[in-house]
Amino acid sequence: MIALAGYRRVCYHTNWSQYRPGLGKFKVSNIDASLCTHLIYSFAQITDNQLAIYEWNDEQLYQEFNALKLKNPSLKTLLAVGGWNQASTHFSPMVTDPQSRDKFVSSSVTFLRKYGFDGLDLDWEYPGSRGGKTSDKANFATLCKELRQAYEKEAQQTGKERLLLTAAVAAGKKNIDPAYDVIAMALYLDFISIMTYDLHGSWEQVTGHNSPLFPRNSETGIQRQLNMKWASDYWVGLGAPKDKLNIGLASYGRGFTLKDAANHSMGAPVSGASPAGTYTGEAGYLSYYEICKMMESGGTTYRDSEQLVPYYVDGMTWVGYDDEQSISIKVAWLVQEGFGGAMVWALPLDDFNKVCASSDRKFPLTNRIKDELIAAEGGTVPPTVAQATSGTLITAPTLAVNNMCSGKDDGYYKDPTQCSRYFRCVDGQEYFDQCDQSNITTALPATAAPISTKVKAPVTTAVPHSTRAPVTTAAPVTTSAPGFFSCTGRPSGDYPNPTDCSRFIKCANGVAYDFQCPSGTLYGKDTKVCVWAYVAKC
């Protein structure tokens, strides 16, 4: 495992959570701006081939959402377009016609800049299905290319930081294969978040966990594909670099009604969905705060030793969910496997009001993700996570909650665990950021006073500083094979530029693309990413 400069913590906010009753009502003002490196507002829609608001008060909520960057200056905000309910209805016709695509692309630049977003998140569920057509796969890749090119051009013309371009993608093979040209998407997207949840639910005839880490030994056929490890490995096998992939984590569970209360194991027969929650109001779907509150009234929690996840049983009700322990295991696994970060669906489903006795703070699940990833950035090596072959559960350590700003005045401080990072204290909450590499200091003691006059603002490169390592995601400099390097016969992937350590070659289907590393970095032959020059083995 390599400790990385910055794992992504990507968190979704949903604009419909404002309508939930009582303690379930979640507004932008409930968001803790320190939790995530990237916040994504869900959802905008496509109207007349243009990006458009969805809720009546979105414009006001956009303003509040983007104002969170005043509390956390390193935060990036994105706007998600699409979602399950919008299916392919407006996406498919738009991407099919070049003029319609151009209209959408240009409108997105205007829209994002108008409301202060830092980028666009494509959440088309899914190209090639749910009202789509077979040409969607190629057309979606073209859309990614054209959006990226437009964002690069706008940044060059205005001098502004380039708009980010990301996507949330399917975890199931049947939805992946007709939808995504993975190599092309990886060239143009800044990161890709795999929706590794909703893998089982009340649409099935037996109990199954919403987001299992591993398969059960007894599973066969397609059932062995419905887990986090398989989906993530499949995306990598299709050509997605691990550093661009975020692993989806769920702050909700999926529930069933058992046929027989005495038969409540994983894979037990069911008669349908569990009753709807008081606040989320959907049968078979429960927020974490609804689940942990239910547990206070009785029932039993079991932990599956093969899939490394918990499930809760109370009479005829069966719910598969994630808690802090299983979240810790999953984060340890994604760090161990070298993925770029975690994605959380969604902040309004975590225990944001601390209503459960088991929660020692607000947003316990998302805070656990934050703690574990920051610890990994600081060099803490998590325990090896592997599928158990016996009844023994492999557990991850419990990290103490450590707020570095406790008792400190507002200001900037050196991170005692990494000299290349600093943190800012605002009202007792810490916000981490990477130093300008030319200004790293080792002279300050861990107890130094605020160093607001000593730390320069971070340098903006072609990618946000919060992505793991300083990996370049710039569009190809050339689409023709350099004369000194041929991709013919080589597997798709990244290769050192044999004549220039500040560049690297990406092979995609036999074609060579020449990339420039960000300023101050070189391409590392061992890491296969652009890293700071002083650590690169070139």
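Overview of the structure. None of these values were measured; they are calculated from a predicted model. (Residues numbered from 1 in each chain as written. Predicted model: local features only at pLDDT ≥ 70, side-chain atom pairs only at ≥ 80, totals over all residues. Heavy atoms only, no water.)

Here we look at the overall build of the protein
Helices and strands together make up the secondary structure of the protein, namely ten helices and 23 strands. Here the protein holds 538 residues, and 57% of them are scored as buried. Accessible area of the protein: about 20,900 Å², with a carbon and sulfur share of 51%. (Helix = DSSP H or I, 4+ residues; strand = E, 2+ residues; numbered from the N terminus. Buried < 20%, exposed > 50% of the residue type's maximum accessible area, 1.4 Å probe, protein only. Areas by Shrake-Rupley, 256 points an atom, 1.4 Å probe, with all protein chains shown as cover.)

Some thoughts on the layout of surface pockets
Reported here for the largest pocket is a volume of approximately 1,300 Å³. In terms of lining, the largest pocket is formed by 43 residues, of which the most central are Trp84, Glu125, Tyr126, Asp198 and Arg254. The set of elements that each furnish at least two residues to the lining of the largest pocket consists of strand S1 (8-14), strand S6 (164-169), helix H5 (173-176) and strand S9 (252-258). When residues in the lining of the largest pocket are grouped by element, the largest group, three residues, is from H5. Here the lining of the largest pocket is built from residues that sort into 21 nonpolar, eleven polar and eleven charged. (1 Å grid on protein atoms, 1.4 Å probe; cavity = no way out; pocket = protein on both sides within 12 Å on 5 of 7 lines; lining within 4 Å. Points joined across faces, edges and corners; volume = space filled by probe spheres on them. Nonpolar A, V, L, I, M, F, W, Y, C, P; charged D, E, K, R; others polar.)

Some points on helix H3 (residues 98-115)
The periodicity of an α-helix, 3.6 residues per turn, causes residues three or four positions apart to be oriented the same way. The end-to-end C-alpha distance of H3, which contains 18 residues, comes to 26 Å, matching closely the 26 Å that a straight helix rising 1.5 Å per residue would cover. Taken residue by residue, H3 has Ser100, Arg101, Phe104, Val105, Ser107, Ser108, Val109, Phe111, Leu112 and Tyr115 as its buried positions. The positive-phi residue at the C-terminal boundary of H3 is Gly116, with phi of around 85°. (Expected span 1.5 Å × (residues − 1).)

With respect to unusual backbone geometry
The peptide bond linking Ser42 to Phe43 adopts the cis configuration, its omega dihedral lying at -10°. Of note, Phe43 is situated in strand S2 (residues 38-47). Cis geometry marks the peptide bond from Trp345 to Ala346; its omega dihedral reads -5°. Within the secondary structure layout, Ala346 lies in the loop between strand S15 (341-345) and helix H10 (364-377). With a phi close to 55°, Asp198 is a non-glycine residue in the positive phi region. As for its placement among the helices and strands, Asp198 is situated in the loop between strand S7 (191-194) and helix H7 (228-237). Even without being glycine, Lys354 reaches a positive phi, approximately 55°. Residue class for Lys354 comes out partly exposed when judged on its relative accessible area of 39%.

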